[in-house]
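Residues per chain, in single letters:
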Amino acid sequence: MARKATVTENMILDNAFALMQEEGFEQVTARRLAAKTGCSTQPIFRLYENMDQLIGDVYKRSVVFFENFCRFYPKRDELPFVNLGMAYIEFATTEKNTFRLLFLSGHRGEKSMYELLNGSTGMVSREIAKAKTAGVGNPGELFMKMWIFIHGAACMSLTGDFDLTEKETLTLLINVYREYSGLAE
């Protein structure tokens, strides 16, 4: 008699992450995950105490996924916050369910949005330092002003209400930076 294939934690996490990306984290249930993995729910609960613990691991994987997305996003401009904004809006547009989990759900735990954005790569801190070096008087305030626009545009992309082209979005981010930085072209 052939031995059954062993279901590993990586298999479960890979399938849970894929299910979240395809259908949203709300759809990551034990039954749906078991069906996707081709097993019963038993291996899931052998490896995870409960579904919240599994979603926590999916969330951690999503953070790394987002950081890599931003890290490898093509550079569009040298101005501070512009590339970060472009990457964030594109992430919301192309990775809707992962964006919802990371930035619109209650699964951040004790992390603020700033801590999540800055992450292990220090993305925001580097951009703030870059703005300061460029002569911006209050780069933290500039970041907040730009962030309101960036996050709003990203959220609008989820509903289909943000219909600007990449070029138009880039131009808008550059204009917002110049307007609020107090620096001339």
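Residues numbered from 1 in each chain as written. Predicted model: local features only at pLDDT ≥ 70, side-chain atom pairs only at ≥ 80, totals over all residues. Heavy atoms only, no water.

## A closer look at the environment of leucine 142
- Take leucine 142: it is sitting in helix H9 (residues 139-159).
- Considered as a pair, leucine 142 and lysine 111 are 31 residues apart in the sequence and their alpha carbons are 22 Å apart.
- Once residues within four sequence positions are removed from consideration, leucine 142 is found in contact with Phe81, Val136, Tyr177, Tyr180 and Ser181. (Helix = DSSP H or I, 4+ residues; strand = E, 2+ residues; numbered from the N terminus. Contact = heavy atoms within 4.5 Å.)

## Some points on the pattern of salt bridges
- The final tally for this structure, using the stated rule, is 6 salt bridges.
- Note that arginine 32 and glutamate 23 form a salt bridge whose closest N and O atoms lie 2.2 Å from each other.
- Salt-bridge contacts for arginine 76 lead to glutamate 166; the nearest nitrogen and oxygen are separated by 2.7 Å. With arginine 76 in the loop between helix H4 (51-71) and helix H5 (82-94) and glutamate 166 in helix H10 (residues 166-181), this pair connects stretches of sequence that are 90 residues apart.
- Exposure remark for arginine 76: the relative accessible area of 28% places this residue in the partly exposed category. (Salt bridge = Lys/Arg side-chain N within 4 Å of Asp/Glu carboxyl O. Buried < 20%, exposed > 50% of the residue type's maximum accessible area, 1.4 Å probe, protein only.)

## Remarks on the side chain of serine 62
- The residue serine 62 is located in helix H4 in this model.
- Here serine 62 falls in the buried class, since its relative accessible area comes to 0%.
- Separated by 2.8 Å, the side chain of serine 62 and the backbone oxygen of valine 58 make a polar contact.
- When near neighbours in sequence (up to four residues on either side) are disregarded, serine 62 contacts Phe17, Met20, Thr98, Leu101 and Leu102. (Polar contact = N/O pair within 3.5 Å; in protein donor to acceptor, adjacent residues only side chain to side chain.)

## Some remarks on the environment of phenylalanine 149
- Note on placement: phenylalanine 149 falls in helix H9.
- For the pair formed by phenylalanine 149 and serine 62, sequence separation is 87 residues and the distance between their alpha carbons is 23 Å.
- Other than its neighbours up to four places away in sequence, phenylalanine 149 contacts Leu172 and Leu173.

## A short note on helix H2 (residues 30-37)
- Listing the buried residues of H2 in full gives Ala30, Leu33, Ala34 and Thr37. Here the buried residues of H2 occupy an arc of 100 degrees about the axis, which is enough to place them on one side. In this structure, H2 carries Arg31 and Ala35 as exposed residues pointing more than 90 degrees from its buried face.
- Where H2 is buried, its residues meet helix H1 (9-23), helix H3 (42-47) and H4.
- A positive phi of about 80 degrees marks glycine 38, the residue just after H2. (Arc of directions from axis to C-beta.)

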